[in-house]
Amino acid sequence: MKNVLVVGGAGYVGGTITDMIKDANYNVRVYDKLLYEDSYRKEIDFVYGDILDTEALLPHLKWADVVVWLAAIVGDGACQLNPDLTIAVNQEAVKWLAQNFDKRIIFMSTCSVYGAQDKELDELSPKNPLSLYASTKLKAEEYLRDKDAIIFRLGTLFGVGDLYSRIRLDLVVNILTVKAFTIGKISVFGGDQFRPLLHVKDVARAVTMNLESSHTGVFNLHRQNVRIRDLAYQVRMHFPDIIIEETDMPFQDTRNYRVTSEKANKVFGFKSIHSIDEGIDGLKFLVETRRIKNLNSPRYSNQAYLKEMEGVEHGLRAVAS
Ligand SMILES: NC(=O)c1ccc[n+]([C@@H]2O[C@H](COP(=O)([O-])OP(=O)(O)OC[C@H]3O[C@@H](n4cnc5c(N)ncnc54)[C@H](O)[C@@H]3O)[C@@H](O)[C@H]2O)c1
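An account of the accompanying structure is given in this report. (Residues numbered from 1 in each chain as written. Predicted model: local features only at pLDDT ≥ 70, side-chain atom pairs only at ≥ 80, totals over all residues.)

Overview of the packing of helix α1 (residues 12-23) against helix α7 (residues 200-209)
To describe two helices that pack against each other, one gives the angle between their axes and the distance between the axes. Worth spelling out the cut-off: Orientation is described by axes fitted as lines to C-alpha atoms, over the contacting stretch for helices, and by angles from 0 to 180 degrees between their N-to-C directions. Counting from the N terminus, the helices are the DSSP runs of H or I reaching at least four residues and the strands are the DSSP runs of E reaching at least two. We call two directions roughly parallel when the angle between them is under 35 degrees, roughly antiparallel when it is over 145, roughly perpendicular when it lies between 65 and 115, and oblique otherwise. By convention, the crossing between two helices is left-handed when the near helix turns anticlockwise from the far helix through less than a right angle, and right-handed when the turn is clockwise. Here, residues touch in the contact sense if the C-beta positions derived from the backbone fall within 7 Å of one another. Amino acids are sorted into nonpolar (Ala, Val, Leu, Ile, Met, Phe, Trp, Tyr, Cys and Pro), charged (Asp, Glu, Lys and Arg) and polar (every other residue, Gly among them).
Look at α1 against α7: their axes get within 9 Å of each other, and the N-to-C directions meet at 45 degrees. Judged by the angle between their axes, α1 and α7 are oblique. Every pair of crossing elements has a handedness; the one defined by α1 and α7 is right-handed. Across the interface between the two elements, Y12, V13, T16, I17, M20 and I21 from α1 touch V200, K201, V203, A204, R205, V207 and T208 from α7. Residue composition of the contact of α1 with α7, grouped by class: 9 nonpolar, 2 polar and 2 charged.

Observations concerning the sheet that holds strand β8 (residues 156-158)
Rule in force here: Only when DSSP finds a minimum of two bridges between them are two strands counted as paired.
With respect to topology, 3 strands assemble into an open sheet ordered β8-β10-β12, the strand pairing being mixed. Lying at the two open borders of the sheet, with one neighbouring strand each, are β8 and β12 (224-227). Sheet twist, expressed as the mean angle between neighbouring strand axes with direction ignored, is 45 degrees. Relative to β12, strand β10 (residues 194-199) runs antiparallel, the two sharing 4 bridges. By the bridge assignment, R195 is partnered in β12 with V226.

A few points about unusual backbone geometry
Quick note on the threshold: Buried residues are those with 20 or more other C-beta atoms within 10 Å of their own C-beta, exposed residues have 12 or fewer, and partly exposed residues lie in between; C-beta atoms are placed from the backbone.
Look at L34: it is not a glycine, yet its phi comes out positive at around 50 degrees. Checked against the element boundaries, L34 lands in the loop between β2 (27-32) and β3 (45-48). By the C-beta count within 10 Å, which is 16 here, L34 ends up partly exposed. Of note in the backbone geometry, R290 takes a positive phi value of approximately 55 degrees without being a glycine. Its place among the elements puts R290 in the loop between α10 (276-288) and α11 (302-320). On the neighbour-count criterion, R290 (8 C-beta atoms within 10 Å) is exposed.

Examining the site of the ligand
Put simply, the test is: Whether a residue is near a molecule or strand depends on its C-beta atom, placed from the backbone, lying within 6 Å of it.
The environment of the ligand is made up of 27 residues, and the closest members are G8, G11, V13, L35 and L157. Elements with a contribution of two residues or more to the shell around the ligand: α1, β5 (104-110) and β8. Classifying every residue of the shell around the ligand by side-chain character gives 17 nonpolar, 6 polar and 4 charged.

A few points about the sheet that holds strand β11 (residues 217-221)
Reading across from one edge, β3-β2-β1-β4-β5-β7-β11 is the order of the 7 strands in this open sheet, with parallel pairing throughout. In this open sheet, the two edge strands, each paired with only one partner strand, are β3 and β11. If you compare each strand with its neighbour and ignore which way they point, the axes differ by 20 degrees on average. As judged from the 4 bridges shared by strand β1 (residues 3-7) and strand β4 (residues 66-69), these two strands associate in the parallel manner. Looking across to β4, one finds that L5 is bridged to V67. In the packing of helix α2 (residues 54-63) onto the sheet, the strands contacted are β1, β2, β3 and β4, and the crossing angle to β1 comes to about 145 degrees.

Things to note about helix α5 (residues 132-143)
The condition that has to hold: Each residue after the first adds 1.5 Å to the expected span of a helix.
The terminal C-alpha atoms of α5, which comprises 12 residues, lie 17 Å apart, in line with the 16 Å expected from a rise of 1.5 Å per residue. Across the 12 residues that make up α5, a large majority, 9, are buried. Residues L132, Y133, A134, S135, T136, K137, L138, A140 and E141 constitute the buried set of α5. On the buried face of α5, the contacting elements are α3 (76-81), α4 (83-100), β5, β7 (149-154) and β11.

What about the environment of R153?
Its location among the elements puts R153 in strand β7. In sequence terms R153 and Y114 are 39 residues apart; their C-alpha atoms lie 9.8 Å from each other. With sequence-adjacent residues up to four places away left out, R153 is seen in contact with S109, T110, C111, V113, V218, F219, N220 and L221.

Things to note about the nonpolar core
To be explicit about the condition: In this description, a nonpolar core means buried residues of the types Ala, Val, Leu, Ile, Met, Phe, Trp, Tyr and Cys, linked to one another by C-beta atoms lying within 7 Å.
Core analysis: the biggest nonpolar cluster contains 92 residues, and V7, V68, W69 and V203 have the highest contact counts within it. If we ignore the near neighbours within four places in the chain, the residues touching V68 are V4, V6, V7, I17, I106 and V207.

So, the environment of S301
The residue S301 is located in the loop between α10 and α11 in this model. On the basis of neighbour count, S301 is assigned to the buried category, with 21 C-beta atoms found within 10 Å. Separated by 137 residues in sequence, S301 and Y164 have C-alpha atoms that sit 16 Å apart. Leave out the neighbours within four places in its chain, and S301 touches L169 and D170.

Here's what the structure looks like:
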């Protein structure tokens with residue numbers, strides 16, 4: 001059995017990836033600093049650690065035949081809070097990985113590297129990162145160029161991957177579903193902007209398919225390019241009584257892009273099997289069965305949580321001084 005180290009595996013994507021890799025009969029170990037969690041409860045070998053602590057990480061890299069690298073500060077707003085930390089975690093730590101690990105690497109990048117562009121984008125299309133998040137991911141991709149590495153540029157993810165890991169309620173399908181449930185109203189700003197969307201379980205499938213494949217390089221991964229306005233109406237199919245409020249006011253997030261995942265389909269037969277409706281249903285189940293006590297808690301949004309933690313640390317420093 002081969003050893004797979006899932007770095008950053010305690011997060012939203014990590015939950016479903018670790019399950020699927022374990023089910024495929026690999027030895028799985030998670031290395032994570034639990035940025036958003038108080039505990040790690042899954043029955044999976046777990047090491048609490050920071051990727052910036054390279055001395056602590058190195059023995060686990062030596063153990064691994066494959067590294068799945070998920071650890072990052074994720075999202076435009078979250079990355080802006082501490083740019084130096086974002087560069088260290090999202091970019092420089094990947095440079096270090098490239099210099100210190102010569103076996104198989106599976107790395108998560110983002111379709112945000114394309115920024116705002118009109119035509120359907122493939123892996124060779126020009127890049128136009130509009131945020132620190134996107135530019136650090138693009139830089140990280142470059143460090144992995146000559147490695148035995150497969151890089152997935154993921155669309156915006158949605159759905160419930162497993163029932164243990166923290167759900168992210170700062171992702172568009174998940175947010176709209178929760179708003180429909182909690183306030184019975186969805187506000188759409190502009191609404192013409194496209195996003196490529198993908199169920200979180202489809203990412204886990206693509207990763208598992210490539211743990212031992214010889215495919216390298218960059219692959220877009222998405223299911224469908226969807227206009228935000230159309231998405232709002234799709235959510236309403238699941239909550240028929242809600243109101244959709246459309247305003248012309250432009251949203252501060254200027255990303256707008258459509259991608260093709262034809263390359264992943266041709267090279268390793270990737271085809272998404274989890275629909276947007278399935279994702280909405282998964283979220284609906286979670287909220288209707290009251291598995292989340294406080295849907296407004298910052299814990300479920302990367303930016304809001306890190307901002308709150310920053311405030312707490314600031315307060316503690318003030319008390320100590
Ligand atoms: N969720 C999406 O829509 C999406 C889209 C495109 C790309 N991605 C990529 O997928 C990966 C996983 O995203 P996610 O949605 O699970 O995010 P997440 O924020 O839920 O998980 C990130 C994990 O990394 C860990 N981490 C952060 N800094 C660390 C450090 N210094 N040391 C150790 N662990 C650290 C966190 O504790 C967390 O468990 C990321 O690389 C992200 O860029 C996600």
